[in-house]
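# Coordinates in review
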Amino acid sequence: MKQRKLKHAPLKEAIFDIRWAPVLDTNGMPEDSGYQLAQGLFAKGIRTAFPVHKNINTVPEILRVFPVIQHQFWSGELSWPVVQLGPGILCVNNTEANYIWDETFRPHILAALDLLAESYEKTFIFKSISLRYIDAIDLVIPLVEFSDFVGKNLQTQLKNNYKVPGKPQGLSIIQSFALDDSSQLTL
């Protein structure tokens, strides 16, 4: 089987993120009903593939933030991939070192979604689903050459029609497109 992975990919991180709609409590505050039990069931179910658990709950319970990641499940001690869970949110993250869509990333996403469904005793109303790829290269070449690189490889022209004092230290380009199927593509 052919490996579907770019040979010199600039991939820094691949992120799958799914969020579901909260219910409102009697005070009108968002909550994820069933989360307390579900997070324990989820942790138990994911333990074999992702044995390292990190509790990253830094928000005091009195300040109800929704959605917020509270638990990370690592494949090894700070070793990617990682699955993250919190009220209203599930994320699966991986890096280029062991990313292969068909063999690693997609199976981890599907397994996490199946486990999420098994852990809750409710039907979800998903609010958003996102798949992001963070690509980056070190900016060690002069800006003129970098602009040529972006033009050739990303088919995007960069041009400032003004002088900027100082030396460029970074660049970020974000474009968003509304697609015909009501989804959004962000590059």
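One can find the structure itself at the top, above this paragraph.
Residues numbered from 1 in each chain as written. Predicted model: local features only at pLDDT ≥ 70, side-chain atom pairs only at ≥ 80, totals over all residues. Heavy atoms only, no water.

## What about the sheet that holds strand β8 (residues 126-135)?
In spatial order, the strands read β4-β5-β6-β7-β1-β8; together these 6 strands make up an open sheet with antiparallel pairing. Either end of the sheet is taken by a strand with one partner, and the two such strands are β4 (52-55) and β8. The mean angle between the axes of side-by-side strands here comes to 15 degrees, regardless of whether they run parallel or antiparallel. Inspection of the sheet shows β4 paired to strand β5 (residues 71-76) by 4 bridges, in the antiparallel sense. In the sheet register, Val52 faces β5, and the bridge partner there is Trp74. With respect to the sheet, helix α1 (residues 35-46) is in contact with β5, β6 (79-86) and β7 (89-94), its orientation differing from that of β6 by roughly 160 degrees. Its contacts with the sheet put helix α2 (residues 101-119) on β1 (11-20), β6, β7 and β8, and the angle it makes with β7 is roughly 160 degrees. (Pairing = 2+ DSSP bridges. Helix = DSSP H or I, 4+ residues; strand = E, 2+ residues; numbered from the N terminus. Axes fitted to C-alpha atoms, helices over the stretch in contact; angles between N-to-C directions. Contact = heavy atoms within 4.5 Å.)

## With respect to the packing of aromatic side chains
The full count for this structure, using the stated rule, is 9 aromatic pairs. Ring centres 6.0 Å apart and planes at 55 degrees place the aromatic pair Trp101 and Phe105 in the tilted group. With Trp101 and Phe105 both in helix α2 and 4 residues apart, this pair spans about one turn of that helix. Residue classification places Trp101 among the partly exposed residues on the basis of a relative accessible area of 24%. Centre to centre, the rings of Tyr120 and Phe124 are 4.9 Å apart; their planes meet at 70 degrees, and the pair counts as edge-to-face. Phe124 shares its class with Tyr120; the two are buried. Linked through ring pairs, Trp20, Tyr120, Phe124 and Phe126 together constitute an aromatic cluster. (Phe/Tyr/Trp six-rings, centres within 6.5 Å; stacked < 30°, edge-to-face > 60°. Buried < 20%, exposed > 50% of the residue type's maximum accessible area, 1.4 Å probe, protein only.)

## Some points on α2
Side chains of residues three or four places apart in an α-helix project in the same direction, reflecting 3.6 residues per turn. With 19 residues, α2 extends 25 Å between its outermost C-alpha atoms, agreeing within 8% with the 27 Å of an ideal straight helix rising 1.5 Å per residue. Along its buried surface, α2 packs onto β1, α1, β6, β7 and β8. (Expected span 1.5 Å × (residues − 1).)

## Some remarks on the packing of α1 against α2
At a closest axis distance of 8 Å, the pairing of α1 and α2 adopts a crossing angle of 140 degrees. One way to sum up the angle between α1 and α2 is to call them oblique. The way α1 lies across α2 gives a crossing that is right-handed. Where α1 abuts α2, its residues Ala38, Leu41, Phe42, Gly45 and Ile46 lie against Ala112, Leu115, Leu116 and Ser119. Looking at the contact of α1 with α2, its residues break down into 7 nonpolar, 2 polar and no charged. (Parallel < 35°, antiparallel > 145°, perpendicular 65-115°, else oblique. Left-handed = near helix turned anticlockwise from the far one by under 90°. Nonpolar A, V, L, I, M, F, W, Y, C, P; charged D, E, K, R; others polar.)

## Points about the nonpolar core
Looking at soluble globular proteins, one finds that nonpolar side chains tend to be buried together. By size, the foremost hydrophobic cluster in this structure holds 23 residues, and its most contacted members are Trp20, Phe42, Val83, Leu85, Leu90 and Leu116. Secondary-structure elements contributing two or more residues to this core are β1, α1, β6, β7 and α2. (Core = buried A, V, L, I, M, F, W, Y, C linked by side-chain atoms within 4.5 Å.)

## Topic: α1
Given a rise of 1.5 Å per residue, 12 residues ought to cover 16 Å, and the 16 Å separating the end C-alpha atoms of α1 matches this to within 8%. Those residues of α1 lying buried are Tyr35, Ala38, Gln39, Phe42 and Ile46. Looking down the long axis of α1, one finds its buried residues gathered within 100 degrees of arc, a one-sided arrangement. Facing away from the buried side of α1, by more than 90 degrees, are the exposed residues Gln36, Leu37 and Lys44. Where α1 is buried, its residues meet β5, β6, β7 and α2. (Arc of directions from axis to C-beta.)

In short, geometric facts, not functional conclusions.
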